[in-house]
Amino acid sequence: MVSRIYFDNAATTPLDPRVREAMQPYLHEHWGNPSSMHREGRQTREAADIARRQVADLLGAEPDEIVFTSSGTEADNLALQGVLCSPEVRAGHAITSAIEHPAVLACCRHLERRGTAVTLLPVDSAGLVDPAELERALRPETRLVSIMAANNVTGVVQPIEELIGISHRRGVLFHTDAVQAFGKLPLDVRRLPVDLLSLSAHKLHGPKGVGALYVRRGVSLTPLLHGGGQEGERRSGTENVAGIVGLGTAAELARAEMAAEAARLVQIRDWLIDSLPALIPSVYLIGDRYRRLPGHLCLGFAGREGEAIKLLLELDALGIAISSGSACSSHHAGQPSHVLEAMGFDPPRARGSLRITLGRFNSQHEAERFLELLPGAVAGMRPMGHFAPTA
Amino acid sequence: MVDTLNVELPGLDCGLCGYRTCTELQQRLAHSPKLLERCIHLSKDRVQTVSPPEVPPDGATKSPGRAARPAGGPAVLPVLAGGAAPTWHDSLGREFDFYLEHFPEDRGPREIILPHNPLITRELAVCRGDILIGRPLGMSCGCPITHCGVATEVDLRTGVIVWCVTGPLGPRQHGFKDLGYYIAEGYEGLVRETRCELKVGLRYFFQPRMCMLQWRHSGLVNYLNRDSAGYQVRLEGLWIG
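A count of helices and strands for chain B gives four helices and nine strands. Seen in sequence order, chain B has helices and strands lined up from the N terminus as α-α-β-β-α-β-β-β-α-β-β-β-β. Burial status across chain B gives 45% buried among its 241 residues. Taking all contacts inside chain B whose residues are at least 6 apart in sequence as the whole, residues at least 24 apart take part in 61%.

See below:
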């Protein structure tokens, strides 16, 4: 039996065996509550503290600036609601982009209903926020800017450094959803002085069910969860120690391997980009050519966008797991991708992209196998016309 | 000629350019100046000051969205619309009369479909509960999107299938039968929001709530039953637009 090829690492990643090994003791022999005073409690407290240091080290931060959460979504919600739901800020103004993950956009809609004004910045056809647009959108009452570090559909990396600078010159806090970028891009907060940064373990070969929010010292947050006051009164609830240990180990591994891994994935990614047009003339690349995550490709097939579902199913049957760029990988018939629509794609095209995301356990050999199979699968799609890629 | 040797790389050794270290990239810049655009830490403006944008290498894929921003659009988009009242306009700005929802007991929008080759229903031995995929083509509802669904009724004499449209997760998990092209002959569903009284025998513009493109459709109401939740309707003679 031919082994399957998993090219959907932006959705989730396989657990690294080294992470699993580090977590094992905290699923078995060390089960104490980190808040307890006895030895059982101290053991898990120490483990969580080590993990906190490991996550902080990857960000160039201090351990007390890391708040563990249940997910990247919770981290985003804690950042946005934590800043914007304080009594003095509720009627303020926030700025985000049109291509954010639903964890940010849906949270913004919730905040709007509570009285916060929200401005969505557009992106250009390459998927980039123009810093000049942010400059124009800032108002005296703006309290928070939230722009993702890298997009989950296109993989495009935003010019965060410039956007932070613009926000800070106007005294506005800056949050970034770095769920896709954490461990793949250098995000040292001494160089990129964000105030809040969301991350998740399972995008980085860590376990599901654990994330974190970096909160710069001095930034005050109203908690989402009230209770026993864990995580420095910022996130109550008994800590998911095994998950936290997994996140810490994943961060430690990424710190050691990130540069070599990025270079390796970029080589494979660019080999794919360079090889595809000769094999599939209708292919086009979505998003900026180079400002993208190392293993992240988003492709369209001109005139065949409506058949993306069929292509996904055929590739799945051939043993290749990839994803649609739209929301349609859920249980329900999906909408066109809001990300691609914001980039100017019409709805049929915004519905039909293909997301290929490579990770730590993918190889050049798998990419070659993928290119052997993809042209046949694309040829089997029923075209709407025989169009050339958009010029 | 651009003096790329004097470009200051950020020294992050991040690997995102495809080389493990900035030193390695710097050495290659002497022979291939355009490699500089691979450094994502140099902003576009800064890159352009030292090296004008170049045509992508032959064979490289091209970004498609370059014409994309709608002309005359505002620089900053307006505030998000959350929980807004119906505007009675589809995604292309065209008016419609009502939203068509699916029945709560159904897994998705209920459609009466006929494969372009009706014999395929028998050849594939389609039966209730089968997961199907296919694309609506031509008359009527020439939607460009492949649909997935679960068969709820099958007529082997005529090839007509009633199915509920779903997302692709079912086919992905459990396999599927491919109908090829099909014709959407009718829709059945609920009308909870309408801006006009509905009558049997009249054609209406309507917006299927789950339409992926949010394009209005039109059809003739040939069954109508009013209940506390709204109207139960059947529409035939369907067109997009």
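Here we take up the sheet that holds strand 5 (residues 142–146) of chain A. Residue and element names in this part refer to chain A. The strand order across the open sheet formed by seven strands is 2-8-7-6-5-3-4, and the pairing between neighbours is mixed. Unpaired on one side and paired on the other, strand 2 (66–69) and strand 4 (117–121) mark the two borders of the sheet. Shown here is a sheet whose adjacent strand axes are inclined to one another by a mean of 20°, direction ignored. Summarising the sheet, strand 2 and strand 8 (residues 211–215) pair through four bridges and their orientation is antiparallel. Each residue of the ladder has a partner; that of T69, found in strand 8, is G211. Of the strands in this sheet, strand 3 (93–97), strand 4, strand 5 and strand 6 (173–177) touch helix 4 (residues 102–113), which is tilted by about 155° from strand 3.

Our focus in this paragraph is the domain arrangement of chain A. Where interface size is given, it is often the accessible area lost as the parts come together that is meant. Residues and elements named next belong to chain A. If you check the domain split of chain A, you get domain 1 (5–12 + 257–379) and domain 2 (17–253). Listed per partner, the contact involves 26 residues of domain 1 and 36 residues of domain 2. Between domain 1 and domain 2, a total of about 2500 Å² is buried, with carbon and sulfur atoms accounting for 57% of that surface. Our count for the domain 1 to domain 2 interface comes out at one salt bridge. The residue R18 makes a salt bridge to E257 at a minimum N-O spacing of 2.7 Å. Applying the counting rule to domain 1 against domain 2 returns 17 residue pairs in polar contact (both at pLDDT 80 or more). Contributions of two or more residues to the side of domain 1 that touches domain 2 are made by helix 8 (241–279), strand 10 (296–301) and helix 10 (338–342). It is helix 10 that provides the largest number of residues to the side of domain 1 that touches domain 2, a total of four residues.

Residue and element names in this part refer to chain A. Taken N-terminus to C-terminus, the directions of helix 9 (residues 308–317) and helix 12 (residues 364–379) make an angle of 135°; their axes are 10 Å apart at the nearest point. Relative to helix 12, helix 9 is oriented oblique. For the pair helix 9 and helix 12, the crossing hand works out as right-handed. Where helix 9 abuts helix 12, its residues L311, E314 and L315 lie against F370, L374, A377 and V378.

It is worth spelling out the environment of A11(A) at this point. All names here are of chain A. Among the structural elements, A11 can be located in the loop between strand 1 (5–6) and helix 1 (17–23). A relative accessible area of 28% means that A11 is categorised as partly exposed. Taking the C-alpha atoms as reference, A11 lies 11 Å from L204; in sequence the two are 193 residues apart. Ignoring anything within four residues of it in the chain, the contact list for A11 reads Y6, H202, K203 and R355.

Moving on to the sheet that holds strand 13 (residues 354–357) of chain A. All names here are of chain A. Pairing is antiparallel across the open sheet formed by four strands, whose spatial order is 9-10-13-12. With partners counted over all chains shown, the strands left at the sheet margins are strand 9 (283–285) and strand 12 (323–324), one partner each. Here strand 12 runs beside strand 13; their pairing, made up of two bridges, is antiparallel. Paired with S323 across the bridge in strand 13 is R355. Here helix 8 sits on the sheet in contact with strand 9 and strand 10, set at roughly 15° to strand 10.

All names here are of chain B. Following the criterion strictly, the structure yields eight aromatic pairs over all chains and no others. Both rings, one in F98 and one in F206, keep their centres 5.5 Å apart while their planes meet at 10°; by these two values the pair is stacked. Within this pair, whereas F98 is found in strand 1 (residues 98–100), its partner F206 is found in strand 7 (residues 203–208), the two being separated by 108 residues in sequence. Note on F98: relative accessible area 0%, which makes it buried. Site record: aromatic cluster; members linked through ring pairs are F98, Y187, Y204 and F206. Lying across the ring of Y99, R209 places its NZ or CZ 3.8 Å from the centre. Of note, R216 hangs over the ring of F205, and the distance from its end group to the ring centre comes to 3.6 Å.

Where empty space is left becomes clear once a probe the size of a water molecule has been rolled over the atoms. Residue and element names in this part refer to chain B. If you walk through the whole model with that rule in mind, you get seven cavities of 30 Å³ or more. Considering only enclosed or pocket space, the largest cavity measures out at about 330 Å³ in volume. As for the largest cavity, its lining consists of 26 residues, and the residues nearest its centre are P109, E111, Y187, P208 and C211. Breaking the lining of the largest cavity down by element, the ones donating at least two residues are strand 2 (110–115) and strand 6 (177–191).

The rules behind these values
Counting starts from 1 at the beginning of each chain's written sequence and moves along it residue by residue. Key to labels: chains lettered from A, ligands numbered from 1, both in the order written. pLDDT decides what is reported in this predicted model: residues at 70 or higher carry local features, side-chain atom pairs at 80 or more are listed and counted, and totals for whole chains, interfaces and linings draw on all residues regardless. The side-chain numbers reported here are obtained from all heavy atoms of the structure, hydrogens and water having been left aside. Secondary structure elements are taken from DSSP: a helix is a run of H or I of four residues or more, a strand is a run of E of two residues or more, and numbering for both begins at the N terminus. Burial classes follow relative accessibility: with a 1.4 Å probe on protein chains only, a residue under 20% of its type's maximum area counts as buried, one over 50% as exposed, and anything between as partly exposed. Contact between two residues is taken to exist if any of their heavy atoms lie within 4.5 Å; hydrogens are not considered. At least two DSSP bridges between two strands are required for those strands to pair. Geometry is summarised by axes, namely lines fitted to C-alpha atoms with helices restricted to the contacting stretch, and by angles between N-to-C directions that run from 0 to 180 degrees. Note that the domain bounds were set by an automatic or database domain assignment. Buried area counts how much accessible surface, traced with a 1.4 Å probe, disappears from two parts once they are put together, with both parts' losses summed. Each salt bridge in this description consists of a side-chain nitrogen of Lys or Arg and a carboxyl oxygen of Asp or Glu lying within 4 Å of one another. Pairs of N or O atoms are called polar contacts if they sit within 3.5 Å, as long as, within protein, a hydrogen donor faces a hydrogen acceptor (for residues adjacent in sequence, only side-chain-to-side-chain pairs). Note on angle classes: values under 35 degrees are labelled roughly parallel, values over 145 roughly antiparallel, values of 65 to 115 roughly perpendicular, and the remainder oblique. Working rule for handedness: look at the near helix, and if it is turned counterclockwise from the far one by less than a right angle, call the crossing left-handed; if clockwise, right-handed. A pair of Phe, Tyr and Trp rings is counted when the ring centres sit within 6.5 Å of each other, with Trp represented by its six-membered ring. The angle between the planes then sorts it: under 30 degrees is stacked, over 60 is edge-to-face, the rest tilted. Each ring is checked for a lysine NZ or an arginine CZ that lies within 6 Å of its centre and within 35 degrees of its normal; such an atom marks a charge sitting over the ring. Method remark: on a 1 Å grid restricted to protein atoms, a set of points is classed as a cavity if a 1.4 Å probe fits but cannot get out and as a pocket if it is open with protein on both sides within 12 Å along at least five of seven lines; lining residues have an atom within 4 Å of a point. Grid points are joined across faces, edges and corners, and a volume is the space filled by probe spheres set on the points.

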